[in-house]
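# Topology and contacts: notes
If you want the building blocks of each chain, they are given just below.
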Amino acid sequence: MKSLLCLFLFPAWMALAAEGDGFVPLFNGRDLTGWVNANCAPETWSVREGQIHCTGQPTGALRTERQYENFILEAEWRHLESGGNSGIFIWGTPIAAPGVPFLRGIEVQVLDHGYAEQYEKQTGKKSDWFTVHGDVFPIHGATMKPFGAHNGMRSFPSEERSKRSPEWNHYRIVCSNGVIRLSVNGKEVSGGEDCNYRKGYLALESEGAPVEFRNVRIKELPSS
């Protein structure tokens, strides 16, 4: 009975770390050790029920303490409100770009379906410059050559695969030698190459609405 109880209490992040597949957790399930609040309020980021919780206010980022170059990053996310907006930053700067609350780097969009629906309701047309999720794009001075359908340097996902709030979604982000590839819930859909930057911090974004992350883990790949 005791061993069975331990099985149910075994944290998910520890199970991932024990797989022996080269991945290590970036989030320990208890606190924000290993992360830096780049430019948000002290209460913006917290840990609730083993998940990284973000209030969405103010706009800013929670970044890793160290930089990464080549790696596979996996994370699960969910919005707690319809229309929520967030992102995962790749190869980001340690602080926000001048004059804005965002890190300079490559953003992997984390957007709920309701956001696009609100846009269509307000404008009477479907957006031609963003999708509901899975966009990959450089911001505030970074650059990238996008794969597939795109607008400027913004790569659009080849198909819509994300689940609505409050369901969980899984991202797998493969980054190697300036190439970034995003898989959403098990299938590659977007990305780009010739990225500048191609080494930097990883970050989670606060942008207006509550969002949660869990099972954040990384497998580093050989440096170029």
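Here the structure is a predicted model, which is why all the values come from computation and not from measurement.

### Quick notes on the overall build of the protein
- Helix and strand counts for the protein stand at three helices and 17 strands.
- On C-alpha atoms alone, the protein measures out to a radius of gyration of 17 Å, which is about the 17 Å that the 2.2 N^0.38 rule sets for 224 residues.
- Seen along its three principal axes, the alpha-carbon backbone of the protein occupies a region of about 60 × 45 × 35 Å.
- Looking at the protein residue by residue over its 224 residues, the buried ones come to 47%.
- Long-range contacts, defined as pairs at least 24 residues apart, comprise 68% of the intrachain contacts of the protein with a sequence gap of at least 6.
- A total accessible area of about 10,600 Å² is found for the protein, and carbon and sulfur atoms account for 53% of it.
- Between the mean site of the 23 positive side-chain charges and the mean site of the 26 negative ones, the protein shows a separation of 3 Å.

### Description of the nonpolar core
- Counting residues in each nonpolar core, the largest one holds 36 residues, and the members touching the most others are Leu-73, Ile-88, Ile-90, Ile-173 and Ile-180.
- In terms of nonpolar packing, the next biggest core, distinct from the first, is built from seven residues, Phe-89, Phe-102, Ile-139 and Ala-203 among them.

### Thoughts on empty space enclosed by the protein
- As enumerated under the stated definition, the model contains one cavity of 30 Å³ or more in all.
- Its boundaries defined by the atoms lining it, the largest cavity holds a volume of some 40 Å³.
- Around the largest cavity, the lining residues are Leu-26, Trp-35, Leu-73, Ala-75, Ile-88, Leu-202, Ala-203, Leu-204 and Val-216.
- Elements that contribute at least two residues to the lining of the largest cavity include exactly strand S6 (71–79) and strand S16 (201–206).
- Sort the elements by how many residues they give to the lining of the largest cavity and S16 lands first, with three residues.

### A few points about the pairing of strand S7 (residues 85–92)
- Buried residues dominate S7, accounting for eight of its eight residues.
- Two strands pair when backbone bridges link them, and S7 and S16 are joined in this way by three bridges, in the antiparallel orientation. Each bridged residue has a counterpart across the sheet, and for Ile-88 the counterpart in S16 is Leu-204.

### Considerations on the pattern of salt bridges
- Applying the stated rule across the entire model yields twelve salt bridges.
- The salt bridge partner of Glu-220 is Arg-66, with a shortest N-O separation of 3.0 Å. Note that Glu-220 is positioned in strand S17 (residues 211–220) and Arg-66 in the loop between strand S5 (60–64) and S6, a separation of 154 residues in sequence.
- The exposure class assigned to Arg-66 is partly exposed, which follows from its relative accessible area of 41%.
- The salt bridge partner of Lys-187 is Glu-159, with a shortest N-O separation of 2.6 Å. With a gap of 28 residues between them, Lys-187 in strand S15 (residues 187–196) and Glu-159 in the loop between strand S12 (154–155) and strand S13 (169–176) connect regions that are remote in the sequence.

### Quick notes on the pairing of strand S8 (residues 105–111)
- Within S8, seven of the seven residues are buried, which leaves the element mostly enclosed by the surrounding structure.
- Judged from the four bridges that link them, S8 and strand S9 (residues 136–139) form a sheet pairing that is antiparallel. Note on S9: the bridge partner recorded for Val-108 is Val-136.

### Remarks on the environment of Arg-172
- Within the secondary structure layout, Arg-172 lies in strand S13.
- C-alpha separation for the pair Arg-172 and Glu-188, spaced 16 residues apart in sequence, amounts to 8.4 Å.
- Each residue touching Arg-172, except ones within four places of it in the same chain, is listed here: Phe-23, Ile-72, Leu-73, Glu-74, Arg-181, Leu-182 and Ser-183.
- Side chain to side chain, Arg-172 and Glu-74 meet in a polar contact 2.5 Å long.

Cut-offs and rules
- Residues numbered from 1 in each chain as written.
- Predicted model: local features only at pLDDT ≥ 70, side-chain atom pairs only at ≥ 80, totals over all residues.
- Heavy atoms only, no water.
- Helix = DSSP H or I, 4+ residues; strand = E, 2+ residues; numbered from the N terminus.
- Rg over C-alpha atoms; globule rule 2.2 N^0.38 Å.
- Buried < 20%, exposed > 50% of the residue type's maximum accessible area, 1.4 Å probe, protein only.
- Contact = heavy atoms within 4.5 Å.
- Areas by Shrake-Rupley, 256 points an atom, 1.4 Å probe, with all protein chains shown as cover.
- Lys, Arg positive; Asp, Glu negative; His and termini not counted.
- Charge placed at Lys NZ, Arg CZ, Asp CG, Glu CD.
- Core = buried A, V, L, I, M, F, W, Y, C linked by side-chain atoms within 4.5 Å.
- 1 Å grid on protein atoms, 1.4 Å probe; cavity = no way out; pocket = protein on both sides within 12 Å on 5 of 7 lines; lining within 4 Å.
- Points joined across faces, edges and corners; volume = space filled by probe spheres on them.
- Pairing = 2+ DSSP bridges.
- Salt bridge = Lys/Arg side-chain N within 4 Å of Asp/Glu carboxyl O.
- Polar contact = N/O pair within 3.5 Å; in protein donor to acceptor, adjacent residues only side chain to side chain.

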